[in-house]
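Residues per chain are reported as follows:
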Amino acid sequence: MLIRMYSVYDRVARIYAEPFVSVNDATAARSFTLAQASPESMLFAAPQDYQLWYIGSLDNASGELLSYDVPECEPHKVCDGQPREVTDHE
């Protein structure tokens, strides 16, 4: 089975965070969006500084990290962080 790996890219620091796994791009984007909404998250203060990237897959049967020459494992940006709308209640 292939395990999909994702990382949040910090556009200001120009680094990728530790990877995390998710079922697919949609579930990874949901986790990213929820993290941006949480005041405890590093993504909360400046969500526009971050991007979510699919970075590759792990074959959990063989332990092999799939290379970029496998089309379905080619890295790609999943989504950009979206600035929060500030309300009078914040």
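It should be emphasised that the depicted structure is a prediction, and the values quoted were computed from it without experimental measurement. (Residues numbered from 1 in each chain as written. Predicted model: local features only at pLDDT ≥ 70, side-chain atom pairs only at ≥ 80, totals over all residues. Heavy atoms only, no water.)

Attention now moves to the environment of Val21. Topologically, Val21 is positioned in strand β3 (residues 20-22). Assessed through its relative accessible area of 52%, Val21 is described here as exposed. Separated by 14 residues in sequence, Val21 and Ser7 have C-alpha atoms that sit 8.7 Å apart. (Helix = DSSP H or I, 4+ residues; strand = E, 2+ residues; numbered from the N terminus. Buried < 20%, exposed > 50% of the residue type's maximum accessible area, 1.4 Å probe, protein only.)

Right, let's get into the environment of Ala37. Structurally, Ala37 is set in helix α1 (residues 25-37). Each C-alpha atom of the pair Ala37 and Pro47 lies 8.9 Å from the other, and the pair is ten residues apart in sequence.

This part takes up the pattern of salt bridges. If the charged atoms of two oppositely charged side chains come close together, the side chains can form a pair. All chains considered together, the criterion is met by two salt bridges. The shortest N-O distance in the salt bridge between Arg4 and Asp25 comes to 3.0 Å. Of this pair, Arg4 sits in strand β1 (residues 2-10) while Asp25 sits in helix α1, and the two are 21 residues apart along the sequence. The shortest N-O distance in the salt bridge between Asp80 and Lys77 comes to 3.2 Å. Overall, the relative accessible area of 39% leaves Lys77 in the partly exposed class. (Salt bridge = Lys/Arg side-chain N within 4 Å of Asp/Glu carboxyl O.)

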